[in-house]
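Breakdown of the fold
Take a look at the letters that make up each chain.
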Protein chains: 2
Amino acid sequence: MRCAPHCVLASGNIEKNRASEMPLDDITTPTLLLDEAVCRRNIARMQQKAARHAVLFRPHFKTHQSRRVATWFRDAGVTAITVSSVGMARYFADDGWHDITIAFPVNPREAEQIDDLARRMSLGVLIESPDVVGQLDRRLGAAVDAWLKIDTGYGRTGIRDENHALLRETAQAVAASTHLRLRGLLTHGGNTYSAANNAEANARFDTSRRRMLAVADLLRADHTGLRVSVGDTPGCTAAEDFTGIDEIRPGNFVFFDVMQSRRGSCLADDIAIALACPVVALHPERQEVVVHGGAVHLSCERIATPGADSIFGLVAMPRADGWTAPIPGAAVVRLSQEHGIVHLPASRLADLRVGDLLAILPVHSCLTAECARGYRCLDGTTADHFAGRPHHTWRASSQR
Amino acid sequence: MRCAPHCVLASGNIEKNRASEMPLDDITTPTLLLDEAVCRRNIARMQQKAARHAVLFRPHFKTHQSRRVATWFRDAGVTAITVSSVGMARYFADDGWHDITIAFPVNPREAEQIDDLARRMSLGVLIESPDVVGQLDRRLGAAVDAWLKIDTGYGRTGIRDENHALLRETAQAVAASTHLRLRGLLTHGGNTYSAANNAEANARFDTSRRRMLAVADLLRADHTGLRVSVGDTPGCTAAEDFTGIDEIRPGNFVFFDVMQSRRGSCLADDIAIALACPVVALHPERQEVVVHGGAVHLSCERIATPGADSIFGLVAMPRADGWTAPIPGAAVVRLSQEHGIVHLPASRLADLRVGDLLAILPVHSCLTAECARGYRCLDGTTADHFAGRPHHTWRASSQR
C-alpha cells in the first residue's frame, strides 16, 4: 500500500501544489485522512480470525464512530456491534444497527434513553452491582439484555472474578429482575495494552480468558445460557486460543495507531488514518518545524520512547494515494492547543516550506478521530463521525 | 462563592435527586458547568489590571471560544480580541468583533479566508519569515495587519530575539509588501507555564518583556509606530511591571484550572468550570469510583503531583449554586476514552451511590472546554462553544 518515503515528496508549498494538481491542494487546516483500503483490510483480517475460531465478531465502534465505516463492517458480514455510550448506540441504531452492546457501566440517569432504545432493538448493558439492577429495573419498561461486567485483573470496572459472593448475588439480582435478562459475562482485558509484545499480550489475554471460564462455571450452576464476551485489540490480535469464548469485541484494530504498532499489534502500514497538517513555521536551527495540528486535533495522548521524551505522533509525507512510511527519526515532540512541534532529520528539513503538508500518524487513533469529528477519504469524499453532529448546548450534549 | 465540602453533600442517586429537586437532576451525561459569576470576576480583575497599567486588554478567546462568554468581556469594555485560528476569527467576526489578532503563525493555505475577513475588519496575523510574506502578499487583496512573532525564549515559534539579521529582514519584507502593514511585535512567553510559582513566572515574564523592548529598539530605527504585544496568564497574573508594553493577551484566566491553581495564578475557587460526571461504578476495595467522564470529555492533559502519579483533575461535589471546594485527597487518577477513575478518601466513598454526580475541576480548561463544545450555566441556560457547530465533513472542518 505504501512506498518508501523517498519515492514521492508530496505536497510542496501551495504554489507548487497548485501546479502539480495534488488532490490535497484544497486542504487548508488539519484534516484527518482515512485510507479505506487499509481499513477494509484490517476489518477483513479480524473478521476472518473470528470466523476461524467460530466466535461472534461484535466489533467495538468507539474507535471510528462512523456510519460510513460501519458500512464496511456490514460488507464484511457484521451485524452485532459494541459502543461506549447510550448516545452512540442511538446514532448507530438510527442507521439500522439493531444488536448493540453498550460496553460501559450502565448509568441509571440514562434509564429513559435506554428504555427507548430497547423497545426497538436488542440492546445490552453492563451490570456490576445489585443496587444498579434495582435502580434500573424500577425505571425500565422494555426488556434489556444484561451482561455481568467482570474484572479479570485490569482493575478499571467490573466485579473481580474471585469475588464469588458478589458475582452470585448480582447474577441473582438480574435473574430476579422484571426487565433485565441475564445474557452473559463480559470483560475488557485492558491490561493487554501495556503488554510489551504479542507474547505478553497473549499471556494476559489467556489469563483473562481462563478467569472468565471459571466465573462462567461458577454461575452456570444457577443460570443457563450464559455467553462469554471478551475483547481488546492487543489480545484479539495476539491470541490463537479462544476456547470457551462466544464473542470478541476489539475496536482499535479498525484504524490501529502508533501505540499498537509500537507494541507489535500491527505494522505501520496497517494504520488507516493520518492527520494532514499544514507546516506553518520552520526552525532548522533546532531541527524542528511547527504544524497546524495540536492537542485539539491529535489529543494529548503520548507514548514513551526508549531513551527519549514521549512523543505525540509519527510523521509521514502525504501523497496522492495516501501517505508514505513514517520518516525515520521524525516525531511530534511537543503539543500546544493548536501547534504541533515536529522534530525532523536535517535532510528532510531542507525540502520543506511553509504551506507544505505533513501527515501525522496518531498515538491513539480513537482520541484523534474524536477530535477530528469527520474524515476525508483518499478519493476526496468524506466520512461522518458521531461527534461531528450539531452540538450547541449541553442539552444536545446530554443527547449523546 | 464556595463553601467547604462538608456543607452540603449534593446530588445523591437519581431517586434522592428527584426528591430533593436538585437543579442538576436532568444531567444524564458529562456536562460542563460554567459559573458566570466567577468568570465575570476573573474578567474584571484582569481588565482592572490592564487599566491600572494603561495597556490595551486584548484577551485570548481560545480558552472559552464562546460568543456568550464574549458578551461578558464586552460588558467589561473589551473591544479587541485574540484568537488561535482563522475559523475562530470568523466565528467572532460574525458576532460583531471587528478587531482580532490571530495569534498563530499565518498559514498561506488560508490566504483566501484571511483576505475575506480582512475586507470587513481589522485583522492581525503573525509573520516570522520573509518567505511567508511573499507567499501571502501574492494572494491577498485586502490590507492585513502583520505582527512579527518574536521568540523570547519559549522556543515554540517566532524569530529569536537575538537574531537581528532575520528580524530586520522580515520587518523589511513586511514593510515592502503591498498588503501587509507592520503593526508591531508579538510574543507568547509560554515558559511562564512551567514556572514553579509567581515569583518565577514574574521573572520569566520580565526577561521576555526586556527582550521585546530590545527588539523594538532595534527595529524602531527603521520602522515607526511599532506596538509591543505580550500575553500569557501566569505572566500577566504575576507581573506588576508592564513598562514598554502596549497590549496584553492572556486567555486562560477566564476559567483558570488546576494547572493554574497549582502554580499560584489563582485559588481553587477562581476556577469557573467543572465537569459534572455521573458515578457509574463503586470500588471501595481500592478507594475508587468510576465516573462517566473520560479522555474525550476532560482531554488527557495531566499534571504531576509531588510524590504521586500524575492526575487528570480534582474532585468536588456539585451543589445547586455550583460546586464545593475540592475534596482533600481526591483526584482523577486514570482516564480511558469514556471512563474517569477517581480516587476518594474512604469517608467520602461511603456516601456515594451509582447515579450520583461528581464535579471534576479540569487540569487544563482550554482543552476540556474544547472537548465539551458547550456549557451549562448554573441557572440552567447554555453557552455556546465554537467547536460545537455542525461539523460533519472535512470540508466543514476546513471552514474552521
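One numbering rule holds for all chains: residues counted from 1, following each sequence as written. Chain letters start at A and ligand numbers start at 1, both assigned in the order the entries are written. Only residues with pLDDT of at least 70 get local features here, since the model is predicted, and only at 80 or more are side-chain atom pairs given and counted; chain-wide, interface and lining totals rely on the full set of residues. As a rule here, side-chain values come from all non-hydrogen atoms in the structure, and water together with hydrogens is ignored.

**Quick look at helix H5 (residues 111-118) of chain B**
For an α-helix the count is 3.6 residues per turn, leaving residues at separations of three or four pointing the same way. Defined as follows: Burial classes: relative accessible area under 20% of the type maximum marks a residue as buried, over 50% as exposed, and values in between as partly exposed (1.4 Å probe, protein chains only). Under the DSSP-based scheme used, a helix requires at least four consecutive residues in state H or I and a strand at least two consecutive residues in state E, with every element numbered from the N terminus.
Buried residues dominate H5(B), accounting for six of its eight residues. Listing the buried residues of H5(B) in full gives Ala111(B), Gln113(B), Ile114(B), Asp115(B), Leu117(B) and Ala118(B).

**Some thoughts on the packing of aromatic side chains**
Each pair of aromatic rings is reported with the distance of its centres and the angle of its planes. The line we're drawing: Between 30 and 60 degrees the pair is tilted, below 30 it is stacked and above 60 it is edge-to-face, where a pair is any two Phe, Tyr or Trp rings, Trp via its six-membered ring, whose centres lie within 6.5 Å.
Summed over all chains, the structure comprises 20 aromatic pairs over all chains. Look at Phe205(A) and Phe242(A): their rings are 5.4 Å apart centre to centre, the planes differ by 65°, and that puts the pair in the edge-to-face class. Here the residue Phe205(A) occupies a position in helix H8 (residues 198-220), and Phe242(A) occupies one in the loop between helix H9 (233-238) and strand S10 (247-248), the gap between them amounting to 37 residues. Take Phe242(A): its relative accessible area is 5%, and that puts it in the buried class. Between Phe61(B) and Trp97(B) the ring centres are 5.4 Å apart and the planes differ by 80°, which places this aromatic pair in the edge-to-face class.

**Notes on the pattern of salt bridges**
Proximity of charged atoms lets side chains of opposite charge pair with each other. The cut-off we apply is this: In the sections that follow, a salt bridge refers to a side-chain nitrogen of Lys or Arg positioned within 4 Å of a carboxyl oxygen of Asp or Glu.
Under the defined criterion, the tally for this structure stands at 50 salt bridges over all chains. Across the salt bridge formed by Arg45(B) and Asp270(B), the nearest N and O atoms sit 3.1 Å from each other. Of this pair, Arg45(B) sits in helix H2 (residues 36-52) while Asp270(B) sits in the loop between helix H10 (258-262) and strand S11 (273-283), and the two are 225 residues apart along the sequence. A relative accessible area of 44% places Arg45(B) in the partly exposed class. Judged by its relative accessible area of 6%, Asp270(B) falls in the buried class. One salt bridge connects Asp206(B) with Arg209(B), and the closest N-O pair in it is separated by 2.9 Å. Here Asp206(B) pairs with Arg209(B), and both are found in helix H8 (residues 198-220), just three residues apart, close to one helical turn. The residues Asp206(B) and Arg209(B) share a single accessibility class, namely buried. It is possible to trace a salt-bridge network through shared partners that takes in Glu36(A), Arg40(A), Arg68(A) and Asp75(A).

**Description of helix H4 (residues 86-93) of chain B**
Residue and element names in this part refer to chain B. What counts is decided by this rule: What makes two residues a contact is simply this: any of their non-hydrogen atoms within 4.5 Å.
With seven of its eight residues buried, H4 lies for the most part within the structure. The set of residues buried in H4 consists of Val86, Gly87, Met88, Ala89, Tyr91, Phe92 and Ala93. For H4, the secondary structure elements touched by its buried residues are helix H3 (67-75), strand S3 (81-83), strand S4 (99-105), H5 and strand S5 (122-127).

Honestly, it's all geometry; don't read function into it.
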